[in-house]
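Residue-level structural notes
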Amino acid sequence: MKIYHLSAECYPVAKVGGLADVVGALPKYQNLAGLDAAVVMPFYDRKFIRENEFETVFQSATLLGTRRLYFEILREKTNKLGFPLYLVKIPGLVDRENIYSYPDETEQFISFQLAFLDWISYSQQSPDIIHCHDHHSGLVPFLLKYSKLYARLANTPTVFTIHNGQYHGAFGWDKLSYLPEIDLSKTGLLDWSGGINPLASAVRCADRYTTVSPSYLDELSHNSNGLEYLFFLERDKGIGIINGIDTEVWNPATDPMIAAKYEALKVTAGKKENKEALCARFNLDPAKPVVNFIGRLVVEKGADVLPAAVETSLTDYAGKVNFLILGTGDPDTEKELQELKEKFPGGCNVYIGYNEELAHLCYAGSDFLLMPSRVEPCGLNQLYSLRYGTVPMVRSTGGLKDTVIDFGDKGGYGIRYNNTSVEDICYSISRAIELYADHKKMQTLRKRMMALDFSWDKSAKQYMELYKSIISTTTI
Ligand SMILES: Nc1ncnc2c1ncn2[C@@H]1O[C@H](COP(=O)(O)OP(=O)(O)O[C@H]2O[C@H](CO)[C@@H](O)[C@H](O)[C@H]2O)[C@@H](O)[C@H]1O
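Small disclaimer: the values here were computed from a predicted structure and weren't measured.

Looking now at the sheet that holds strand β16 (residues 391-395). Taking strand neighbours across the sheet as the criterion, the six strands line up as β14-β13-β12-β15-β16-β17 in an open arrangement whose pairing is parallel. Edge positions in the sheet fall to β14 (348-352) and β17 (415-417), since each has one partner strand and no second. Pairs of neighbouring strands in the sheet enclose a mean axial angle of 15 degrees, with direction left out of account. Alignment of strand β12 (residues 290-297) against strand β15 (residues 368-371), held across two bridges, turns out to be parallel. Following the sheet pairing, Val 291 is matched in β15 by Phe 368.

As structure tokens, this is what we get:
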């Protein structure tokens with residue numbers, strides 16, 4: 001079965017967050033299971049691409065309105081990621097350093113999708129499934145079905161996965177001319193609230209859509225930044241499949257990015273060594289619990305309440321807890337966190353920026369991982385923390401609800417709370433401090449967490465079943 005995954009991110013080529021982790025891992029597991037899965041993504045001026053060898057497998061020109069854009073499809077020569085990796089390069093438009101936030105982002109992602117479709121169309125390919133991820137590739141299901149240019153591919157089965165339903169990639173109807181000739185009676189399938197909405201269009205036009213956890217599928221009809229009614233209407237087309245993690249990249253027994261490798265049997269000693277390295281680097285006290293936050297400093301992740309929650313905890317439980325925050329995002333939150341670092345030296349430290357290696361050390365060396373997310377479609381951080389024997393402290397939402405059981409419940413191992421609020425976070429911190437003091441309990445929980453299996457095997461199987469069910473219905 002031939003599958004193309006289309007995505008703006010893919011680890012280790014270009015990563016901003018969890019989308020990259022999923023697209024960098026799922027195809028690998030699919031190939032191990034006997035499928036033929038490849039990734040197609042935009043070209044970026046980044047280290048991985050500069051340092052690896054690529055060959056041009058196709059070149060042509062596509063039309064974006066009246067602009068004629070030359071493009072190339074490059075393929076990584078050695079399949080070193082465990083799957084074929086293809087890059088769409090369009091000089092001057094899709095060849096820059098950053099992944100997001102250029103003023104012509106709409107033009108970038110539309111032309112990326114058009115070049116991909118031109119390539120498979122002109123080179124007479126017939127993939128069994130085109131699997132699109134998030135809004136950056138959300139126009140593909142519509143274009144396949146309703147553009148005359150791609151009529152040969154009109155019955156190609158498509159799956160659309162929503163990693164983040166808050167971003168839609170919407171743009172105005174004045175840019176309709178960027179699309180090739182389409183069936184104008186179908187333009188309603190592009191529209192939401194008076195604009196072209198790639199996420200909404202993909203939900204309607206893909207054969208099936210998936211969310212990265214079952215709970216998130218339920219939540220989208222209550223909270224999806226204006227698409228609630230659409231998700232209510234299209235509920236039956238959706239399926240929630242929880243993300244897995246790449247257990248080769250995230251493995252404390254072999255991880256080259258941590259200070260000391262460890263297995264479940266030696267978890268106490270292994271974490272101690274990593275914690276000492278982490279505390280030495282950030283001037284924290286290894287005798288106290290280290291509570292860590294890793295992620296984008298945005299409202300979705302509850303980062304705006306972090307400064308007040310950390311300050312209140314460090315005041316109310318003075319001398320009993322340390323905080324370490326690794327993230328980047330909203331400038332006001334960054335500033336408030338930096339101020340806390342000055343106010344509580346030795347109690348709180350902050351690393352503003354993106355640092356993959358440090359993230360690994362944090363999962364290994366922290367005792368608790370705080371995730372007060374308002375929205376969390378799946379969440380990978382809590383899965384990584386479980387793998388490294390670090391207790392996740394999560395707000396009960398989306399994938400966090402589906403993957404973390406409170407240690408007060410039977411078989412539990414994490415800390416759960418209901419609200420993204422200073423009160424709930426501080427109360428959870430008090431529970432963490434108490435738990436940390438009980439060495440025996442901590443050891444039991446660490447072993448329990450490390451024995452959990454969140455590898456891709458089960459989820460990859462669910463995607464395979466989904467593909468098969470779509471193929472069997474589209475070919476009848
Ligand atoms: N400053 C920093 N330095 C180093 N590493 C950092 C970092 N900030 C974040 N990371 C890393 O980025 C990843 C974040 O993944 P998440 O799944 O938690 O969130 P994200 O919101 O990006 O993904 C969206 O897509 C994924 C995948 O489907 C869903 O799990 C999630 O809920 C959804 O919001 C992790 O690998 C984390 O370690």
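What follows concerns the UniProt feature "binding site: ADP-alpha-D-glucose" (unreviewed entry) in the protein chain. Sites flagged by UniProt as "binding site: ADP-alpha-D-glucose" (unreviewed entry) map to Lys 15. Here Lys 15 shows up in the loop between β1 (2-6) and α1 (18-32). Lys 15 sits in the partly exposed class, given 19 other C-beta atoms within 10 Å. Apart from residues lying up to four places away in sequence, Lys 15 is in contact with Glu 9 and Ala 20.

Moving on: the nonpolar core. Counting residues in hydrophobic clusters, the biggest one holds 138 residues, and the most contacted among them are Val 88, Phe 116, Leu 143 and Met 393. For this core, the element with the most residues is helix α3 (residues 105-122), which contributes nine residues. Two domains share this core, each providing at least three of its residues, namely domain 1 (2-244 + 457-474) and domain 2 (264-453). Once residues lying within four places of it in the same chain are set aside, the contact partners of Leu 143 are Gln 113, Leu 117, Tyr 150 and Leu 179.

Turning our eyes to something else, we now look at the environment of Val 88. Tracing the backbone shows Val 88 in strand β5 (residues 85-89). The exposure class assigned to Val 88 is buried, which follows from the 25 C-beta atoms found within 10 Å. Taking the C-alpha atoms as reference points, Val 88 and Ile 433, separated by 345 residues in sequence, lie 50 Å from one another. What Val 88 contacts, discounting residues up to four positions off in sequence, is Val 40, Pro 42, Phe 43, Phe 71, Ile 73, Val 94, Phe 112, Ala 115 and Phe 116.

Moving on, we get to the site of the ligand. Near the ligand, the surroundings consist of 26 residues, among which Gly 17, Gly 18, His 163, Cys 378 and Leu 380 are the closest. Ranked by residue count, the leading element in the shell around the ligand is α1, at four residues. Here the shell around the ligand is built from residues that sort into 10 nonpolar, 12 polar and four charged. There are two domains that each give the shell around the ligand at least three residues, and those are domain 1 (2-244 + 457-474) and domain 2 (264-453).

With that settled, the discussion passes to the UniProt feature "domain: Starch synthase catalytic" (unreviewed entry) in the protein chain. Taking the UniProt record as the reference, the feature "domain: Starch synthase catalytic" (unreviewed entry) is found at residues 2-228. Note that residues 2-228 is 27% helix and 25% strand, and that its end C-alpha atoms are spaced 33 Å apart.

What follows is about the pairing of β14. As defined by bridge partners, strand β13 (residues 322-329) adjoins β14 across five bridges and the pair is classed as parallel. Bridge pairing in β14 places Gly 327 opposite Ile 352. Between the parallel pair β13 and β14, the chain is carried across by helix α10 (residues 331-343), and the sense of this crossover is right-handed.

In this section: the sheet that holds strand β11 (residues 238-240). With mixed pairing, nine strands are arranged side by side in an open sheet as β3-β4-β5-β2-β1-β6-β7-β10-β11. Both edges of this open sheet fall to β3 (54-64) and β11, since each of them pairs with a single strand only. This sheet shows a mean twist of 25 degrees between the axes of neighbouring strands, independent of strand direction. With four bridges joining them, strand β2 (residues 36-42) and β5 adopt parallel strand pairing.

Our focus in this paragraph is helix α8 (residues 267-282). Taking 1.5 Å per residue as the helical rise, α8 with its 16 residues ought to reach 22 Å, and the 22 Å between its terminal C-alpha atoms agrees with that figure. Those residues of α8 not exposed but buried are Val 267, Gly 270, Lys 271, Asn 274, Lys 275, Leu 278, Cys 279 and Phe 282. Around the axis of α8, the buried residues are gathered within 155 degrees of arc, so they sit on the same side. Of the residues in α8, the exposed ones pointing more than 90 degrees away from the buried face are Ala 269 and Ala 280. Buried residues along α8 sit in contact with β12, β13, β14, α11 (356-365) and α15 (439-450). A positive backbone phi angle near 55 degrees is found at Asn 283, which sits one or two residues after α8.

Judged from the four bridges that link them, strand β7 (residues 158-162) and strand β10 (residues 208-211) form a sheet pairing that is parallel. Following the sheet pairing, Phe 160 is matched in β10 by Tyr 209. Both β10 and β11 contribute to a ladder of three bridges, which runs parallel. Among the inter-strand pairings, Thr 210 is bridged to a residue of β11, identified as Ile 239.

What the domain assignment reports for the protein chain is domain 1 (2-244 + 457-474) and domain 2 (264-453). Here domain 1 and domain 2 have C-alpha centroids that lie 33 Å from each other. If you look at the interface, domain 1 gives 18 residues, while domain 2 gives 11 residues. Top element by residues in the side of domain 1 that touches domain 2 is helix α6 (residues 214-220). It accounts for four residues. Tallied by class, the residues present in the side of domain 1 that touches domain 2 amount to five nonpolar, 11 polar and two charged.

Our next topic: the confidence of the model for the protein chain. Taken over all residues, the pLDDT of the protein chain has a mean of 97, while the share at 70 or more is 100%. Across the assembled chains, the prediction reports ipTM 0.98 with pTM 0.96.

Reading the values: rules and limits
- Residues numbered from 1 in each chain as written.
- Predicted model: local features only at pLDDT ≥ 70, side-chain atom pairs only at ≥ 80, totals over all residues.
- Pairing = 2+ DSSP bridges.
- Helix = DSSP H or I, 4+ residues; strand = E, 2+ residues; numbered from the N terminus.
- Axes fitted to C-alpha atoms, helices over the stretch in contact; angles between N-to-C directions.
- UniProt positions renumbered as here; feature names shortened; annotations may be inferred.
- Buried ≥ 20, exposed ≤ 12 C-beta atoms within 10 Å, placed from the backbone.
- Contact = placed C-beta atoms within 7 Å.
- Core = buried A, V, L, I, M, F, W, Y, C linked by C-beta atoms within 7 Å.
- Domains from an automatic or database assignment.
- Near = placed C-beta within 6 Å.
- Nonpolar A, V, L, I, M, F, W, Y, C, P; charged D, E, K, R; others polar.
- Right-handed = clockwise from strand over helix to strand, strands pointing away.
- Expected span 1.5 Å × (residues − 1).
- Arc of directions from axis to C-beta.
- pLDDT = per-residue confidence, 0-100.

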